[in-house]
Every structure is written in C-alpha cells, then in structure tokens.
Amino acid sequence: MLAYLRFDESQVPTYHLQKWNGLYLEDYQYKYPKAGENNSIVSAHVYSLADHKTMTINTGEDEEQYLPRIQWLPSNYTVSLIRLNRLQNRLDIIHYNALNATESIVYSDTSQTYIDLKQVDDLAYLSDGKSFILSSEKTGYRHLYHYAIDGKLITQLTSATGQ
C-alpha cells in the first residue's frame, strides 16, 4: 500500500515570473496564492497495490487546513497523519487503518497562539507498534511525552528540572 497527499491547485491563481535563461528572459509560471486567494485543497489517500483501489482518509470538513506530515506506523497497516487548522493553533494526530478504512484522532493539542511544527517532527513511533513519543509545549516548556498507540498518556518523560 502507498500513502500519499494530493494537492488540488485548480483554483489557485497562476503567478508569472520572469527569470534569466542565458541572455534572455523567460516566462516562468507556477501556482501561488496571494493573501485572500484560494489555496490548494489537500487530501490524504491510500492506494492498494493488491486490488488497485484508492481510499480517501477523512481529514475533516475544513478545506483550509494543513496536512504537513504523513507516515506509516512501523508494525501494521496504519497511517499517521498530522493535521493543523489554518490558524495553526490546533494540532491533531489521525490514525487511519487501511485494512478496515477507519480513522481516529489519537492526539490533540491546542494553543492560545500557535503550535510549533517541530513538535511533530519529534514524533517517533516505537518499534513495538504499541506506543509513540512526541514533544509538546503545553506546559510552557517543551517536554517529551510517551503515549499508547490509542493516544492515552503513559508518562511525561522530561521535566523542568531535567530529572
């Protein structure tokens, strides 16, 4: 199975830029939404090589969201997908089971200001397939937390005193 993100840029305006190609200017065009214009609509999918079917992961109704990370869990047919709202002050980790086409939100974090994406760059699924570790600034300091695969907190791994 393959997990991937699809970017629909059909409603995004085209930006024209001139760049040098040797002695002459050349027109370079690419999709670029300026403030207030339509963004790409991003969706997440799993393609089965066995039966040539594509499944769409339900990421919610809000099209104005970010899906910055997608990865397979190490020991089963589950995809981990990170979702941030447009304001980037709510982060969800969604697990999608590709065998039975079900998804669940296993972790959520909110902030008054914004959530640093570095938090999910620290996300590590343990090889036993039963838990993951991630960092969070929910206490005002960045700490590491150990969670069961279903999102239940097992323990906080670091503290402000370094113990």
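Every chain is numbered independently, its residues counted from 1 as its sequence is written. Totals for whole chains, interfaces and linings use every residue, but because this is a predicted model, local features are given only for residues with pLDDT of at least 70 and side-chain atom pairs only at 80 or more, for both listing and counting. Side-chain calculation: all heavy atoms of the structure are included, whereas hydrogens and water are not.

**A few points about the packing of aromatic side chains**
The description of two aromatic rings rests on the distance between their centres and on the angle between their planes.
(1) Moving on: Note on aromatic contacts: the rings of Phe and Tyr and the six-membered ring of Trp form a pair at centre separations within 6.5 Å, being stacked when their planes are under 30 degrees apart, edge-to-face when over 60 apart, and tilted otherwise. Summed over the entire model, instances satisfying the criterion amount to eight aromatic pairs.
(2) Moving on: Taken together, a centroid distance of 5.2 Å and an interplanar angle of 75 degrees make the contact between Tyr107 and Tyr147 edge-to-face. Here Tyr107, found in strand S9 (residues 102–110), pairs with Tyr147, found in strand S12 (residues 143–148); they are 40 residues apart in sequence, far enough to count as distant.
(3) Moving on: For every residue, the accessible area (1.4 Å probe, protein chains only) is compared with the maximum for its type, and the residue is labelled buried under 20%, exposed over 50%, or partly exposed between those bounds. Looking at Tyr107, the relative accessible area reads 5%, which means it is buried.
(4) Moving on: Through successive ring pairs, a cluster of aromatic residues spans Tyr107, Tyr125, Phe132, Tyr145 and Tyr147.
(5) Moving on: Charge-over-ring placement is defined geometrically: NZ (Lys) or CZ (Arg) within 6 Å of the ring centre, and within 35 degrees of the ring normal. The ring of Tyr145 carries Lys138 above its face, with NZ or CZ at 4.5 Å from the centroid. Starting at the N terminus, helices and strands are each numbered in turn, a helix being any DSSP run of H or I of at least four residues and a strand any DSSP run of E of at least two.

**Regarding the pattern of salt bridges**
(1) Moving on: Counted as salt bridges are all cases of a side-chain nitrogen of Lys or Arg within 4 Å of a carboxyl oxygen of Asp or Glu. A full pass over the atoms with the stated rule returns eight salt bridges.
(2) Moving on: The residue Asp121 makes a salt bridge to Arg69 at a minimum N-O spacing of 2.8 Å. With Asp121 in helix H1 (residues 118–121) and Arg69 in strand S6 (residues 65–72), the pair connects residues that are 52 residues apart, well separated along the chain.
(3) Moving on: Residues Asp116 and Arg142 are paired through a salt bridge, measuring 3.2 Å at the closest nitrogen-oxygen approach. In this pair, Asp116 sits in the loop between S9 and H1 while Arg142 sits in the loop between strand S11 (131–136) and S12, placing the two residues 26 residues apart along the sequence.
(4) Moving on: With a relative accessible area of 31%, Arg142 lands in the partly exposed category.
(5) Moving on: One network of salt bridges, with partners in common, ties together Arg83, Arg90 and Asp92.

**Remarks on the nonpolar core**
(1) Moving on: By convention a nonpolar core is built from buried Ala, Val, Leu, Ile, Met, Phe, Trp, Tyr and Cys residues, the set being connected through side-chain atoms within 4.5 Å. Counting 15 residues, the largest nonpolar core has Leu91, Ile93, Tyr107, Leu123, Phe132 and Leu134 as the members making the most contacts within it.
(2) Moving on: Where this core is concerned, the elements lending two or more residues are strand S7 (78–85), strand S8 (90–97), S9, S11 and S12.
(3) Moving on: Not counting chain neighbours up to four residues away, the residues in contact with Tyr107 comprise Leu91, Asp92, Ile93, Gln119, Phe132, Leu134, Ser136 and Tyr147.
(4) Moving on: Counting residues in hydrophobic clusters, the runner-up holds 11 residues, among them Val42, Ile57, Tyr96 and Ala98. Should any heavy atoms of two residues lie within 4.5 Å, those residues are considered in contact.

**Observations concerning unusual backbone geometry**
(1) Moving on: Despite not being glycine, His52 shows a phi value in the positive range, around 60 degrees.
(2) Moving on: In this fold, His52 is placed in the loop between strand S4 (41–48) and strand S5 (53–57).
(3) Moving on: Owing to a relative accessible area of 57%, His52 belongs among the exposed residues under this scheme.
(4) Moving on: One non-glycine residue with positive phi stands out, namely Gln88, at about 60 degrees.
(5) Moving on: Following the sequence through the fold, Gln88 ends up in the loop between S7 and S8.

**A few points about the pairing of strand S3 (residues 24–31)**
(1) Moving on: The pairing of strand S2 (residues 14–21) with S3 spans eight bridges and is antiparallel. Within the sheet, the bridge partner assigned to Asn21 lies in S3 and is Tyr24.
(2) Moving on: Between S2 and the antiparallel strand that follows it, S3, lie two residues; Gly22 among them carries a positive phi value of about 75 degrees. A pair of strands counts as paired when DSSP detects no fewer than two bridges linking them.

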